[in-house]
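An overview of the molecular structure
Below are the chains, spelled out letter by letter.
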Amino acid sequence: MINTILSIPFFINGKLGTGPHWDHWPFGPGYGDLNASLLKLAFVAVILGAIILFLRVLFGPKGFFRDKELDREAAEMRVKALKDLEADLESGAISELDYKFKKKRLLL
């Protein structure tokens, strides 16, 4: 009975004729045609992208595990930078156009 059950995947594999291109997919020794190599790269890119998105959700802005102290420090630094920017504008160190661009960059 067990031999019959175990022989089913081998039978299907033999009938479908999967060749050496898929033996070690996606981390094989690199043999195969161009499509197999591109699919390997795409697979790795998808996995890395999923990891990056997962970490961004957890630790990014408004993330579940983000330290609230980081947000407070960033807000304080932004307020200080805006005050310094306004002081530079009043003293004439920067032009009105530079002030607008720098303020817009700080408030993003």
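All figures in this text were calculated on a predicted structure; none of them were measured in a lab. (Residues numbered from 1 in each chain as written. Predicted model: local features only at pLDDT ≥ 70, side-chain atom pairs only at ≥ 80, totals over all residues. Heavy atoms only, no water.)

Time to look at a nonpolar patch on the surface. The grouping of Phe43, Val44, Ile47, Leu48, Ile51, Phe54, Leu55, Val57, Phe59, Phe64 and Phe65 at the surface amounts to a nonpolar patch, some 1100 Å² of accessible area in total. Relative to the assigned elements, Val57 resides in helix H2 (residues 34–59). Assessed through its relative accessible area of 48%, Val57 is described here as partly exposed. (Patch = residues over 30% accessible without salt bridge, like charges linked within 9 Å, V, L, I, M, F, W, Y side chains within 5 Å. Areas by Shrake-Rupley, 256 points an atom, 1.4 Å probe, with all protein chains shown as cover. Salt bridge = Lys/Arg side-chain N within 4 Å of Asp/Glu carboxyl O. Helix = DSSP H or I, 4+ residues; strand = E, 2+ residues; numbered from the N terminus. Buried < 20%, exposed > 50% of the residue type's maximum accessible area, 1.4 Å probe, protein only.)

Before going further, it helps to examine the pattern of salt bridges. Within the structure shown, the criterion is met by four salt bridges. Notably, a salt bridge pairs Glu76 with Arg72, separated by 2.4 Å at the nearest N-O pair. Of this pair, Glu76 and Arg72 both sit in helix H3 (residues 68–91), four residues apart, which is roughly one turn of the helix. When its relative accessible area of 39% is taken as the criterion, Arg72 is described as partly exposed. Across the pair Lys80 and Asp84 runs a salt bridge whose closest N-O atoms are separated by 3.1 Å.

The next point concerns the packing of H3 against helix H4 (residues 96–107). A pair of packed helices is characterised by two quantities: the angle between their axes and the separation of those axes. Contact geometry for H3 and H4: axes closest at 10 Å, N-to-C directions at 175°. The orientation of H3 with respect to H4, classified from their angle, is roughly antiparallel. Where H3 approaches H4, its residues Arg78, Ala81, Leu82, Leu85, Glu86 and Leu89 are matched on the opposing element by Glu96, Tyr99, Lys102, Lys103, Leu106 and Leu107. Here the residues of the contact of H3 with H4 are counted per class, giving seven nonpolar, no polar and five charged. (Axes fitted to C-alpha atoms, helices over the stretch in contact; angles between N-to-C directions. Parallel < 35°, antiparallel > 145°, perpendicular 65-115°, else oblique. Contact = heavy atoms within 4.5 Å. Nonpolar A, V, L, I, M, F, W, Y, C, P; charged D, E, K, R; others polar.)

Scope: geometric values only; no functional claims are made or implied.
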